[in-house]
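The primary structure of each chain is shown beneath.
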Amino acid sequence: MADSKREIERKYEATAETRLPDLSRVAGVSAVAHRGVSELDAVYYDTEDLRLMAGSLTLRRRTGGSDAGWHLKFPVASGIRDEFREPLSDTLPRSLAGLLRSRVRMSELVPVVRLRTARDVHHLLDAEGALLAEVSIDTARAERLTGGSGTAAWTEIEVELADDGDPALLDAVEGRLREAGVHPSASPSKLARALAETAPERERKRKRKRDKGARGKAGQPTAGDHVLAYIRHQSEAIVDLDPAVRRDLPDSVHQMRVATRRLRSALRTYRKILDRSVTDPVGDELKWLAAELGIDRDQEVLDARLRSGLADLPRTLVLGPVRSRLRIWSVARRGGSRRRTVAVLDGKRYLALLESLDALLAAPPLLPAASHAPEQALPRAVLKEYERLATRVGHALELRPGHDRDLAMHDARKAAKRARYAAEAARPALGKPAERIAKRMKTVQTLLGDHQDSVVARDALRALAVQAHAAGEPAFTWGLLYGREEAAAAARERELPQVWERASQPRVRAALEG
């Protein structure tokens, strides 16, 4: 994996005549050291339709300076980006290509801008001579390589915080710059400015026309507008989370799976608004992706549950090499699921799904109900999911404890998720009533989820006990953990009637119906 660092910086407008004020007067800065001028030459890459730029990503191959090589930057927040670096090479390194795959897909990356910069560097140092921040005056010359042939030139000041530096320093430096008449840049990055200033005039006219049209739109959002906004948000979440999953960041698989499920749930719940003949095939592919992500996520949840259960036992009840067996078992299963997840994200089927989501949003298959007011169309869809959940909870409560009830409670859990997601999707339009239902459905989902986790844990504990017995190890501890999980499941079953009664308060339903 490529080297990475968090970049925290701010940019300011400048001219060739701009001079830095005395920054040694900034609190905490003891000295300003001039480090000379570097000549940087960078070529920025993107697809022809600028997909990376649309997501505020930048990819460049740069020579000159102290960090020549390939640089890929992902936005984190305003002025904060995560940068991934690889050594200089003729072709894009595979590690960076993987992080871009959800956006680039099968398209080709082409050089879009060449940016040559004369960088006059100054270091802000503390009393011990440690670097606090780097301040540079950049004289930039941009040349458009794709989608035009224009050029542009400008000067800007860039202030980048040192690793592990205090962001308050940037505020203090900005105060001194403003006193000297220097103000923040209107452009978020050099590439964004280069693309804007080198765009052909016809492209600028189209942009001005689009912006004017967007400002001139009138009328209230329809039910279709709300549903499509939710679908777009979840689709973007899948694309945005893809690099995090590849990097194995905490909770990334879970979040990507949740976005996939939310998206599929919306397509199914709001089938009176979107044509099923178009959305059902997409929903089938989303179900496949959620299942593939579940292999990794479910193992992650199971590992945590088993480790927690073992940690809660008194040491006198842990007989045999229990911890080492659990660790070996977890590593073997987790390693296989991890490799499979990355293979799925590299596969053509996944990329085709992303393309189909783009196509759906570009030409949404709206039905007549999509033009209705949200207050008219959305509550009916939410209530339908609520009724489905009520039926499944009632069925589960009628069954005796055992395998059939376990299955029924799992079905109810899936219905609770769908009801919750339906309410969440409707929340921007319906407000508090939808928010209340979402919270209550989450409570039901949590209880049913804990019950299902105990079912899965018992299956795993039985398998571990069999392995331990076959190896001549004591199986006592595995059996003890099994019994505790069985008791936990029984407790959830006893709690369900009360939890469901609280979650299904009539006033919530009445609020949606009214």
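Keep in mind it's a predicted model, so treat the numbers as computed, not measured.

Chemist: Could you give an account of the overall build of the protein, naming the residues involved and the relevant values?
Modeler: Each helix and strand counted, the protein has 15 helices and eight strands in total. Taken over the C-alpha atoms alone, the protein extends approximately 85 × 65 × 45 Å along its principal axes. Per-residue burial over the protein gives 47% buried out of 514 residues. Sequence separation of at least 24 residues holds for 74% of the intrachain contacts in the protein that already meet a minimum separation of 6. Looking at charge distribution, the protein has the averaged site of its 89 positive side-chain charges lying 5 Å from that of its 74 negative ones.

Chemist: I'd like a rundown of the sheet that holds strand S1 (residues 3-14), residues and numbers included.
Modeler: In spatial order, the strands read S1-S5-S4-S3-S2-S6-S7-S8; together these eight strands close into a barrel with antiparallel pairing. Each neighbouring strand pair of the sheet contributes to a mean axis angle of 35°, computed without reference to strand direction. Relative to strand S3 (residues 58-63), strand S2 (residues 31-46) runs antiparallel, the two being bridged by five bridges. Paired with Val43 across the bridge in S3 is Arg61. Relative to the sheet, helix H4 (residues 190-198) contacts S1, S2, S3, strand S6 (110-125), strand S7 (131-144) and strand S8 (151-161), its axis offset from that of S8 by approximately 165°.

Chemist: Run through the nonpolar core, naming residues and quoting values.
Modeler: Of all hydrophobic cores here, the largest spans 67 residues; its most connected members are Tyr270, Ile273, Tyr350 and Leu378. At 13 residues, the largest contribution of residues to this core is made by helix H12 (residues 403-430). In this view, Tyr350 contacts Ser102, Ile238, Asp242, Met256, Trp288, Leu289, Val344 and Leu345; residues no more than four positions away in its chain are not counted. By size, the runner-up hydrophobic cluster in this structure holds 17 residues, among which are Tyr12, Ala133, Leu169 and Leu177.

Chemist: Which residues make up the packing of helix H6 (residues 223-246) against helix H10 (residues 348-362), and what values go with them?
Modeler: Across the interface, H6 lies against H10 with an axial gap of 11 Å and an inter-helix angle of 150°. Compared by their axis directions, H6 and H10 come out roughly antiparallel. Relative to H10, the crossing made by H6 is left-handed. For the pair H6 and H10, the contacting residues are Leu228, Ile231, Arg232, Ser235, Ile238, Val239 and Asp242 in the first and Tyr350, Leu354, Leu357 and Leu361 in the second. By residue class, the composition of the contact of H6 with H10 is eight nonpolar, one polar and two charged.

Chemist: Now, about the pairing of S2: what can you tell me, with residues and values included?
Modeler: Direction of pairing for S2 relative to S6: antiparallel, over a ladder of 15 bridges. Residue Gly36 lies in a different strand from S6, and its bridge partner there is Val121.

Chemist: Residues and numbers for the pattern of salt bridges, please.
Modeler: As enumerated under the stated definition, the model contains 52 salt bridges in all. Across the pair Glu9 and Arg81 runs a salt bridge, and its minimum N-O distance is 3.2 Å. Of this pair, Glu9 sits in strand S1 while Arg81 sits in strand S5 (residues 80-86), placing them 72 residues apart in sequence. Each member of the pair, Glu9 together with Arg81, is buried.

Chemist: Run through H10, naming residues and quoting values.
Modeler: The end-to-end C-alpha separation of H10 is 21 Å, in line with the 21 Å expected for 15 residues at 1.5 Å each. Considered for burial, the residues of H10 that qualify are Tyr350, Leu351, Leu353, Leu354, Leu357, Leu360 and Leu361.

Chemist: Tell me about unusual backbone geometry, and please be specific about residues and values.
Modeler: If you check the backbone angles, Arg105 has positive phi at about 55° while not being a glycine. Positionally, Arg105 belongs in the loop between helix H2 (94-104) and S6. Located in the positive-phi region is Asp164, a residue other than glycine, with phi close to 65°. Among the residues examined, Asp164 registers a relative accessible area of 85% and is labelled exposed.

Chemist: Give a description of helix H13 (residues 432-470) that names residues and reports values.
Modeler: End to end, H13 covers 57 Å across 39 residues, agreeing with the expected 57 Å (1.5 Å per residue, within 8%). Once H13 ends, the next one or two residues include Gly472, with phi positive near 80°.

Chemist: Would you mind going over the packing of H13 against helix H14 (residues 476-503) in detail, with residue names and values included?
Modeler: Orientation of H13 relative to H14, taken along the N-to-C sense of each, is 165°, at an axis distance of 9 Å. Classified by the angle between their axes, H13 and H14 sit roughly antiparallel to one another. Seen along the crossing, H13 lies across H14 with a hand that is left-handed. Taken together, the residues of the contact of H13 with H14 sort by class into 17 nonpolar, three polar and ten charged.

Chemist: Talk me through the packing of aromatic side chains; I want residue IDs and the actual numbers.
Modeler: As enumerated under the stated definition, the model contains three aromatic pairs in all. Ring centres 5.8 Å apart and planes at 90° place the aromatic pair Phe74 and Phe84 in the edge-to-face group. Here the residue Phe74 occupies a position in strand S4 (residues 69-77), and Phe84 occupies one in strand S5, the gap between them amounting to ten residues. Both residues of the pair, Phe74 and Phe84, belong to the buried class.

Rules used throughout
Residues numbered from 1 in each chain as written. Predicted model: local features only at pLDDT ≥ 70, side-chain atom pairs only at ≥ 80, totals over all residues. Heavy atoms only, no water. Helix = DSSP H or I, 4+ residues; strand = E, 2+ residues; numbered from the N terminus. Buried < 20%, exposed > 50% of the residue type's maximum accessible area, 1.4 Å probe, protein only. Contact = heavy atoms within 4.5 Å. Lys, Arg positive; Asp, Glu negative; His and termini not counted. Charge placed at Lys NZ, Arg CZ, Asp CG, Glu CD. Pairing = 2+ DSSP bridges. Axes fitted to C-alpha atoms, helices over the stretch in contact; angles between N-to-C directions. Core = buried A, V, L, I, M, F, W, Y, C linked by side-chain atoms within 4.5 Å. Parallel < 35°, antiparallel > 145°, perpendicular 65-115°, else oblique. Left-handed = near helix turned anticlockwise from the far one by under 90°. Nonpolar A, V, L, I, M, F, W, Y, C, P; charged D, E, K, R; others polar. Salt bridge = Lys/Arg side-chain N within 4 Å of Asp/Glu carboxyl O. Expected span 1.5 Å × (residues − 1). Phe/Tyr/Trp six-rings, centres within 6.5 Å; stacked < 30°, edge-to-face > 60°.

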